[in-house]
Amino acid sequence: VQLQASGGGLVQAGGSLRLSCAGSGRTFSRDTVAWFRQAPGKEREFVAGIFRTYGRASYADSVKGRFTISRDSAKNTVYLRMNRLKPEDTAVYYCAADSTLILSSLTSAKAYDYWGQGTQVTVSS
């Protein structure tokens, strides 16, 4: 599956953005899909994921209560709604998918076989 991430941009602190991760090549409605982010000089970190079974969602503590991940199977797209954005949310955001990873590997970037190209999110103070 090919993943295309979009929706990034420049926003003021407190604002909102919605990122999209569109799949092509095959349906990925039964994959685990996650968003990761990477800020300059930092390692890639897990942000949010939706597990392939029962659509169970999981979030990093830093975004819990502000970000929401959702899936639209009809559009073969996963979204990340980001509210109350903070300057520390500034990063390149990547979506990733995998059809076989286990729940305990949800937050591990190494567990994902497919990656989108990334979309820049910049939050100004």
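Everything quoted here is computed from the prediction, not taken from an experiment.

Draft legend 1. How the structure looks around the pattern of salt bridges. Throughout the structure, instances matching the rule amount to five salt bridges. Here Arg37 ties to Asp89 by a salt bridge, and the two come within 2.9 Å at their closest N and O atoms. Placement of the pair is Arg37 in strand β4 (residues 32-38) and Asp89 in the loop between β8 (77-82) and β9 (91-98), with a sequence separation of 52 residues. Across this residue pair, the class does not change: Arg37 and Asp89 are buried. Taking the shortest distance from any N to any O, the salt bridge between Asp61 and Lys64 comes out at 3.1 Å. For the pair shown, Asp61 and Lys64 are each scored as exposed. A single salt-bridge network, built from bridges that share partners, covers Arg37, Glu45, Arg66 and Asp89.

What counts, and where the lines are drawn
Residues numbered from 1 in each chain as written. Predicted model: local features only at pLDDT ≥ 70, side-chain atom pairs only at ≥ 80, totals over all residues. Heavy atoms only, no water. Salt bridge = Lys/Arg side-chain N within 4 Å of Asp/Glu carboxyl O. Helix = DSSP H or I, 4+ residues; strand = E, 2+ residues; numbered from the N terminus. Buried < 20%, exposed > 50% of the residue type's maximum accessible area, 1.4 Å probe, protein only.

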